[in-house]
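# Tertiary structure, described
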Amino acid sequence: MLEVHVGIVRSQNSAPYLDATQALVNSLARQGATHHPVEVWSPAELAALPVASLSGVKVWVALGTEAATALARVQLQAPVLHALLPRRSFERVLRACARKASARFNVLELDQPLQRQLALIRLALPKTRRVGVLWGPDSLAKAPVLRSIASSQGLALQEARLGEEAPLFAALQSVLDGSDVLLALADPLVFNSSNLQNLLMTTIRVQVPLVAFSPAYVRAGALLAVYSTPPQVGAQAAQWVLDVLANRVLPELALQPLDFEISVNEPVARVLGLSLDVQALTLALKRQEQQP
């Protein structure tokens, strides 16, 4: 049996996964968990190990979808936290492996809370009254929650659902015509590498800023985005691991990212006649979330 207490399965060896792993391991060390041996495996390395040799592992962390799938296929008794993947990807893993989410088989969502995204819009673009949203099959489940939050914040949604009778740019035009800002939600049918540049050019041309979910979109031409970095995800995952090792009660619901960053595309802001201070926005949003 391997002398390992914390097992980390990493989908890839690219920078985001390496950074999250390092932050997780460093956070455990800083908080006094050095007496709990940690091991990192790839999905292939995990599959090659005898299941009996893993019985000493007290807690697992899966980083990314491939790692989540690999761990779901193994009958493990220890709790598992999935990170660096969107909630919808986690749900697909659950369906594929006939598992159910629970306190012991949970996810730290990569998606930002909808409340946070709308709060950022209110702070950065206080004149906003109408928020445009394009729904695809992966994001549509969020519609009722977003509508409720928007209503509570005095915002109206201008919505369109993509489908066979509603191709992307027809839906986009119908939404932009009645919106002060376009909120991008992660959905591969709506936002992908093949349509992103044309979509961004359209929003800039009609002077409707796009609020996105990753720094890559900001670099490509979105006005701003709120997101959690891999080190932030790794550090939060470490706290969950510590809770398991200390036999503390685990949350039943999916975990939402606590720490975050904001990026602004300054050239796009100037084109739109806006002046946005990233540090001031970040501080204001964090202060707002700390209020009871």
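Scroll up to find the structure.
Keep in mind it's a predicted model, so treat the numbers as computed, not measured.

The subject of this paragraph is the overall build of the protein chain. Within the protein chain one finds twelve helices and eleven strands. The C-alpha atoms of the protein chain give 20 Å as radius of gyration, which agrees with the globular expectation for 292 residues (19 Å, within 12%). Put simply, the protein chain has 292 residues, and 52% of those count as buried. Within the protein chain, contacts between residues separated by at least 24 positions form 72% of all contacts whose residues are at least 6 apart in sequence. When the accessible surface of the protein chain is summed, it comes to about 13,900 Å², and 53% of that surface belongs to carbon and sulfur atoms. Computing the positive centroid from 25 side-chain charges and the negative centroid from 22, the protein chain places the two 3 Å apart.

Of all the five residues making up strand E1 (residues 6-10), five are buried; the element is thus mostly covered by neighbouring parts of the structure. Alternating residues of E1 divide into Val6, Ile8 and Arg10 and Gly7 and Val9, and every residue in both groups is buried. Where E1 and strand E2 (residues 38-41) come together, four bridges link them in parallel fashion. Following the sheet pairing, Ile8 is matched in E2 by Val40.

This next bit is on the sheet that holds E1. What the five strands build is an open sheet, ordered E2-E1-E3-E4-E5; its pairing is parallel. Each edge of the sheet is formed by a strand with only one pairing partner; in this case those strands are E2 and strand E5 (105-109). Averaged over all pairs of adjacent strands, the angle between strand axes in this sheet comes to 20°, irrespective of strand direction. With four bridges connecting them, strand E4 (residues 80-85) and E5 associate as parallel partners. Across the sheet, the residue bridging to Leu85 is Glu109, located in E5.

In this section: the pattern of salt bridges. Taken as a whole and assessed by the stated rule, the structure comprises ten salt bridges. For the salt bridge of Arg147 with Glu159, the shortest nitrogen-to-oxygen distance reads 3.0 Å. Of the two residues, Arg147 is situated in helix H6 (residues 143-152) and Glu159 in strand E7 (residues 156-161); the sequence distance between them amounts to twelve residues. Salt bridges sharing common partners tie together Arg87, Arg88, Glu91 and Glu109.

Across the sheet, six strands lie side by side as E7-E6-E8-E9-E10-E11; this open sheet has mixed pairing. Edge strands, defined here as strands with exactly one partner in the open sheet, are E7 and strand E11 (261-264). Here the average twist between neighbouring strands, direction ignored, is 25°. Judged from the two bridges that link them, strand E9 (residues 210-212) and strand E10 (residues 224-227) form a sheet pairing that is parallel. Paired with Ala212 across the strands is Ala225, a residue of E10.

Before going further, it helps to examine helix H3 (residues 65-72). A large share of H3 lies buried, amounting to six of its eight residues. Buried within H3 we find Ala67, Ala68, Thr69, Ala70, Leu71 and Ala72. Taken together, the buried residues of H3 touch E1, helix H2 (43-48), strand E3 (59-63), E4, helix H4 (87-96) and E5.

All right, on to unusual backbone geometry then. Although it is not a glycine, Gln207 sits at a positive phi angle of roughly 65°. Mapped onto the elements of the fold, Gln207 is located in the loop between helix H8 (196-205) and E9. Given the relative accessible area of 42%, Gln207 is considered partly exposed. You will see that Asn247, though not glycine, has its phi angle at about 60°, which is positive. Structurally, Asn247 can be placed in the loop between helix H10 (230-245) and E11. By relative accessible area, which is 72% here, Asn247 ends up exposed.

Rules used throughout
Residues numbered from 1 in each chain as written. Predicted model: local features only at pLDDT ≥ 70, side-chain atom pairs only at ≥ 80, totals over all residues. Heavy atoms only, no water. Helix = DSSP H or I, 4+ residues; strand = E, 2+ residues; numbered from the N terminus. Rg over C-alpha atoms; globule rule 2.2 N^0.38 Å. Buried < 20%, exposed > 50% of the residue type's maximum accessible area, 1.4 Å probe, protein only. Contact = heavy atoms within 4.5 Å. Areas by Shrake-Rupley, 256 points an atom, 1.4 Å probe, with all protein chains shown as cover. Lys, Arg positive; Asp, Glu negative; His and termini not counted. Charge placed at Lys NZ, Arg CZ, Asp CG, Glu CD. Pairing = 2+ DSSP bridges. Axes fitted to C-alpha atoms, helices over the stretch in contact; angles between N-to-C directions. Salt bridge = Lys/Arg side-chain N within 4 Å of Asp/Glu carboxyl O.

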